[in-house]
Amino acid sequence: MAKVLVLYYSTYGHIETMAGAVAEGARSVPGTEVTIKRVPELMPPDVAAKAGVKLDQAAPVANPAELADYDAIIFGTPTRFGNMAAQMRNFLDQTGGLWAQGKLIGKVGSVFASSATQHGGQESTILSFHTTLLHQGMVIVGLPYSFAGQMNMDEITGGSPYGATTLAKGDGSRQPSANELDGARFQGRHVAEIAAKLHG
Ligand SMILES: Cc1cc2nc3c(=O)[nH]c(=O)nc-3n(C[C@H](O)[C@H](O)[C@H](O)COP(=O)(O)O)c2cc1C
């Protein structure tokens, strides 16, 4: 049985919603055990509350050591100036011990992201995230073009061969679209299928 962790950070809930769809896709592969967790918020609670951070997120908080317990980890992060959020970076920077012991080598790693705008850096966020996964020896999986929705030119939509994405709009008012959630489900299923082949 392959064990898949969906590990995310989300300030306003867009990536939280995408994480749910990724997990749904992974669960659709028979014999897959799927866990959703998030990384700790770093903003002090009073600052977070003033900033409108979505504090009521059901996913439990992960600890870095537990990454060793999974066969595949699908990471989700909002874009921050074209890179991953500091909360996710901080969490990953606590995985030096795992790196030293080679604990993540050969595990499947995959990334999904969210940005305010279409060209605001969601692809660079995913690709720069991959660097860390490669240092950990992970086998990177993206969102293949067999997910036809990423060829959709009839509407504004996220989704790239590097991973599923959503667009939140500058004020955060846009929610993940049906096509973007389909991409997230596809990525979850795809990762779970590969994890089953490698580790099942
Ligand atoms: C400090 C900061 C930097 C950001 N940088 C970018 C950026 O470079 N490009 C972009 O399109 N959106 C940027 N955003 C918007 C976030 O990516 C957006 O709020 C996020 O994708 C929403 O996802 P969430 O609800 O899961 O947090 C930034 C937001 C903050 C707070």
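The protein is annotated in an unreviewed UniProt entry as NAD(P)H dehydrogenase (quinone) from Skermanella aerolata.

Is there a simple way to explain the layout of surface pockets in this structure?
A water-sized probe rolled over the atoms picks out the places where empty space is left. Quantified by volume, the largest pocket comes out at close to 350 Å³. Those elements that place two or more of their residues in the lining of the largest pocket are α5 (122-135) and β6 (165-167). Here the element with the most residues in the lining of the largest pocket is α5; it accounts for three residues. Classifying every residue of the lining of the largest pocket gives six nonpolar, 12 polar and two charged. Within this model, the second largest pocket holds a volume of roughly 220 Å³. Surrounding the second largest pocket, 17 residues form its lining, Tyr12, His14, Arg80, Ser114 and Ala168 being those nearest its centre. Put simply, the parts of the chain that give the lining of the second largest pocket at least two residues each are α1 (14-27) and β4 (108-115). When the residues that make up the lining of the second largest pocket are grouped by side-chain class, the tally is five nonpolar, nine polar and three charged.

Explanation requested: the site of the ligand in the structure shown.
As a structural note, the neighbourhood of the ligand is formed by 17 residues, with Ser10, His14, Thr79, Ser114 and Gly120 the closest of them. A distance of 3.1 Å separates an oxygen atom of the ligand from a polar backbone atom of Thr117. Coverage of the ligand by the protein chains reaches 78% of its 640 Å² of free accessible surface. For the shell around the ligand, the secondary structure elements donating two or more residues are α1 and β4.

Would you take a moment to explain the nonpolar core for this structure?
Counting 28 residues, the largest nonpolar core has Val4, Val6 and Phe112 as the members making the most contacts within it. Looking at which element gives the most residues to this core, the answer is α1, with seven residues. Once residues within four sequence positions are removed from consideration, Phe112 is found in contact with Val6, Ile15, Met18, Ala19, Val22, Ile74, Phe75, Gly76, Thr77, Ile126, Ala164 and Gln187.

Looking at this model, I keep getting lost on the side chain of Gln150. Mind explaining?
Inspection of the secondary structure puts Gln150 in the loop between β5 (139-140) and β6. What makes Gln150 buried here is its relative accessible area of 12%. Setting aside anything within four residues of it in sequence, one finds Gln150 in contact with Leu143, Pro144, Tyr145, Gly159, Ser160 and Pro161.

Would you mind going over the packing of aromatic side chains with me for this structure?
The geometry of an aromatic ring pair is captured by two quantities: the separation of the ring centres and the angle between the planes. Under the defined criterion, the tally for this structure stands at two aromatic pairs. With 5.1 Å between their ring centres and 45° between their planes, Phe75 and Phe129 make a pair best called tilted. Highlighted residues: Phe75 in strand β3 (residues 72-78) and Phe129 in helix α5, separated in sequence by 54 residues. Comparing Phe75 with Phe129, the two get one shared label, buried. Between Phe147 and Phe186, the ring centres sit 5.7 Å apart and the planes meet at 55°, which makes this aromatic pair tilted. In this pair, Phe147 sits in the loop between β5 and β6 while Phe186 sits in helix α6 (residues 178-199), placing the two residues 39 residues apart along the sequence. The ring of Tyr70 is capped by Lys3, whose NZ or CZ atom sits 5.6 Å from the centre of that ring. A cation over a ring is seen here: Arg189 above Phe186, with NZ or CZ 4.9 Å from the ring centre.

Explain the UniProt feature "binding site: NAD(+)" (unreviewed entry) in the protein to me, please; I cannot follow it from the model alone.
UniProt tags Tyr12 as "binding site: NAD(+)" (unreviewed entry). Within the secondary structure, Tyr12 is located in the loop between β1 (2-8) and α1. With residues up to four places along the chain from it excluded, the contact list for Tyr12 reads Ala51, Gly52, Val53 and Lys54.

I'm lost on empty space enclosed by the protein in this one. Help?
Overall, the coordinates contain one cavity of 30 Å³ or more when judged by the stated rule. Each pocket or cavity is described by its volume, and for the largest cavity that value is around 30 Å³. Taken together, Phe75, Leu92, Thr95, Leu104, Thr132, Leu133, Gln136 and Met138 make up the lining of the largest cavity. In terms of residue class, the lining of the largest cavity is made up of five nonpolar, three polar and no charged.

Calculation notes
Residues numbered from 1 in each chain as written. Predicted model: local features only at pLDDT ≥ 70, side-chain atom pairs only at ≥ 80, totals over all residues. Heavy atoms only, no water. 1 Å grid on protein atoms, 1.4 Å probe; cavity = no way out; pocket = protein on both sides within 12 Å on 5 of 7 lines; lining within 4 Å. Points joined across faces, edges and corners; volume = space filled by probe spheres on them. Helix = DSSP H or I, 4+ residues; strand = E, 2+ residues; numbered from the N terminus. Nonpolar A, V, L, I, M, F, W, Y, C, P; charged D, E, K, R; others polar. Near = heavy atom within 4 Å. Polar contact = N/O pair within 3.5 Å; in protein donor to acceptor, adjacent residues only side chain to side chain. Areas by Shrake-Rupley, 256 points an atom, 1.4 Å probe, with all protein chains shown as cover. Core = buried A, V, L, I, M, F, W, Y, C linked by side-chain atoms within 4.5 Å. Buried < 20%, exposed > 50% of the residue type's maximum accessible area, 1.4 Å probe, protein only. Contact = heavy atoms within 4.5 Å. Phe/Tyr/Trp six-rings, centres within 6.5 Å; stacked < 30°, edge-to-face > 60°. Lys NZ or Arg CZ within 6 Å of the ring centre and 35° of its normal. UniProt positions renumbered as here; feature names shortened; annotations may be inferred.

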